[in-house]
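For reference, the chains in residue letters:
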Amino acid sequence: MSDHVSVRTEGRAGRITLTRPSALNALDHDMCLAIEQALLDWAEDPNVALVILDAEGDKAFCAGGDIAGVYREAQEGRGQSAVDFWRDEYRMNALIAEYPKAVMSFMQGYVMGGGVGVGCHGSHRVVCDSTRIAMPECGIGLVPDVGGSLLLARVPGRLGEWLGLTGARMDAGDAIWAGFADLYVPRDAWAEAIAKLSESGQPSAITEFAAPAPKATLPDKLNDAEATCGGETLRDVVNALRTDDSEFAAETLAKVEASAPLSMGATLELLHRLKSGSADIRRALDLEFRFTSRALEHADFLEGVRALLIDKDKSPRWRHEVDGLPLTDVARMFRPLEVDEINFHDLGETA
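A brief look at the structure comes next. Just so it is clear, the model here is predicted, and its values are computed rather than measured. (Residues numbered from 1 in each chain as written. Predicted model: local features only at pLDDT ≥ 70, side-chain atom pairs only at ≥ 80, totals over all residues. Heavy atoms only, no water.)

## Section: the sheet that holds strand 9 (residues 183–184)
Line of reasoning, step 1. Overall, mixed pairing links the 6 strands, which are arranged 1-2-3-5-7-9 in an open sheet. Lying at the two open borders of the sheet, with one neighbouring strand each, are strand 1 (5–10) and strand 9.
Line of reasoning, step 2. In terms of strand pairing, strand 2 (residues 13–18) meets strand 3 (residues 50–55) through 6 bridges, oriented parallel. Bridge pairing in strand 3 places Ala13 opposite Leu50. (Pairing = 2+ DSSP bridges. Helix = DSSP H or I, 4+ residues; strand = E, 2+ residues; numbered from the N terminus.)

## Digging into the pairing of strand 7 (residues 124–127)
Successive residues of a regular strand alternate their side chains across the two faces of the sheet.
Line of reasoning, step 1. Bridge count between strand 5 (residues 102–107) and strand 7: 4 bridges; the pairing is parallel. For Met107, the partnering residue across the bridge sits in strand 7 and is Val127.
Line of reasoning, step 2. Bridge analysis of strand 7 against strand 9 gives 2 bridges, and the strand direction is parallel. Looking at the pairing, Val127 lines up with Tyr184 of strand 9.

## A look at the side chain of Thr166
Line of reasoning, step 1. Considering the arrangement of structural elements, one finds Thr166 in helix 6 (residues 159–166).
Line of reasoning, step 2. Among the polar contacts listed, one links the side chain of Thr166 to the backbone oxygen of Trp162, at a separation of 2.7 Å.
Line of reasoning, step 3. At 3.2 Å, the side chain of Thr166 and the backbone nitrogen of Ala168 are in polar contact.
Line of reasoning, step 4. The contacts of Thr166, once residues within four sequence positions are left out, are Thr252 and Lys255. (Polar contact = N/O pair within 3.5 Å; in protein donor to acceptor, adjacent residues only side chain to side chain. Contact = heavy atoms within 4.5 Å.)

## Structural notes on the pattern of salt bridges
Line of reasoning, step 1. Under the definition given, this model contains 24 salt bridges.
Line of reasoning, step 2. Here Arg20 makes a salt bridge to Asp66, at a shortest N to O gap of 3.6 Å. In this pair, Arg20 sits in the loop between strand 2 and helix 1 (29–42) while Asp66 sits in the loop between strand 4 (60–62) and helix 2 (67–75), placing the two residues 46 residues apart along the sequence. Taken as a pair, Arg20 and Asp66 share a single burial class, namely buried.
Line of reasoning, step 3. The salt bridge partner of Arg242 is Asp323, with a shortest N-O separation of 2.7 Å. Of this pair, Arg242 sits in helix 10 (residues 234–242) while Asp323 sits in the loop between helix 14 (301–310) and helix 15 (327–333); the two residues are 81 residues apart in sequence, bridging distant segments of the chain.
Line of reasoning, step 4. Taking relative accessible area as the criterion, Arg242 reaches 40% and is therefore assigned partly exposed.
Line of reasoning, step 5. A single network of salt bridges, built from pairs that share partners, joins Arg8, Glu10, Arg15 and Asp54. (Salt bridge = Lys/Arg side-chain N within 4 Å of Asp/Glu carboxyl O. Buried < 20%, exposed > 50% of the residue type's maximum accessible area, 1.4 Å probe, protein only.)

## Description of the nonpolar core
Line of reasoning, step 1. Trp86, Ile133 and Phe180 are the most contacted members of the largest nonpolar core, which totals 100 residues.
Line of reasoning, step 2. In terms of residues, this core owes the most to one element, helix 3 (residues 79–97), which gives 9 residues.
Line of reasoning, step 3. Here Phe180 is in contact with Met107, Val116, Cys120, Arg125, Ile133, Met135, Gly148, Leu151, Leu152, Val155, Met170 and Ala175, once residues within four sequence places are set aside.
Line of reasoning, step 4. The next biggest cluster of nonpolar side chains, apart from the first, holds 18 residues, and it includes Phe106, Ala189, Ala205 and Phe209. (Core = buried A, V, L, I, M, F, W, Y, C linked by side-chain atoms within 4.5 Å.)

## Concerning the packing of helix 1 against helix 3
Line of reasoning, step 1. Remark: helix 1 packs on helix 3, axes separated minimally by 9 Å, with the N-to-C direction vectors making an angle of 30°. Considering their axes alone, helix 1 and helix 3 lie roughly parallel with respect to each other. In the crossing of helix 1 with helix 3, the sense of the turn from one axis to the other is left-handed. Facing helix 1, whose interface residues are His29, Cys32, Leu33, Ile35, Glu36, Leu39 and Leu40, helix 3 presents Ser81, Asp84, Phe85, Asp88, Glu89, Arg91, Met92, Leu95 and Ile96.
Line of reasoning, step 2. For the contact of helix 1 with helix 3, the residue count by class is 9 nonpolar, 2 polar and 5 charged. (Axes fitted to C-alpha atoms, helices over the stretch in contact; angles between N-to-C directions. Parallel < 35°, antiparallel > 145°, perpendicular 65-115°, else oblique. Left-handed = near helix turned anticlockwise from the far one by under 90°. Nonpolar A, V, L, I, M, F, W, Y, C, P; charged D, E, K, R; others polar.)

## Let's talk about the packing of helix 12 (residues 261–274) against helix 13 (residues 281–298)
Helix-helix packing: each pair is described by the crossing angle between the helix axes and the interaxial distance.
Line of reasoning, step 1. Their axes nearest at 10 Å, the elements helix 12 and helix 13 cross at an angle of 165°. Relative to helix 13, the element helix 12 lies roughly antiparallel. Relative to helix 13, the crossing made by helix 12 is right-handed. Counted together, Leu262, Ser263, Ala266, Leu270, Arg273 and Leu274 of helix 12 and Arg283, Ala284, Leu287, Glu288, Arg290, Phe291 and His298 of helix 13 form the full contact between these two elements.
Line of reasoning, step 2. Looking at side-chain class alone, the contact of helix 12 with helix 13 contains 7 nonpolar, 2 polar and 4 charged residues.

Written as structure tokens, this is what we have:
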């Protein structure tokens, strides 16, 4: 078990609390395994009617995976440990999404990357005024993962592509509109709501505490995103941004020119593959894992983490220019793997 996850039962609820607030509840491998094991233990336990996921601290539910730790492992020649972490994390993400009981997540502050994988796949996803949800992986040489690619693919219009390329943050209203959350509950009501859920074991009890969400602003960007982010390739998007004189295009282009070209090209490819109505969480995670399992050797992950978190010079030296990304390099990242596929759990139909 992990020192950074509190697992217990209270009343009719299984409780999982992230307890690493000093690190913004960043997920490490042991935390993922602890969450997974708790869910497996409770899946057929008749005394556990629902699961509640929350986190200590005010700044973040979970600001992402422990990418600095992954970087250190890779530098020490233990790159396989990073691949093992991503595989186990993704299996846990799918378990949450397919869980046979209600999974209620309470997400305050930053919810990014790995935090989306824990908090945004459950059946009842609660946000508040401080919530800021984002998938900023293109800025560190990865792609939106932990199943976040599937959520982005389902955002109306081309705003999923825009969110994936720029890592833009969504507040509570935008997160609900975009399908990353379900309910707005004021933070000062969370303790009472959790107590009621634990006592009753009834997921519907959360609706007693819900309030109208702040107005979403993303719909105002639908037309701009359609005009600039609708291309099939990164080159198409960059060309559209450069020929558009809107403020939206200028701000988006600045973000795109600072991020990893291979990651952005792969993000577009990933979302386009998942826009089919038949795509599900397992398909998304399988595709993501094809990329991340190759990221240490063939992508810009190590350089992105170095520039952002290690040396902090914010001057990454990407493998490609934004205008010069070969489509063959993107395709290579999504070729089927010969080994190390994800072995998902099968727990039956949702109750």
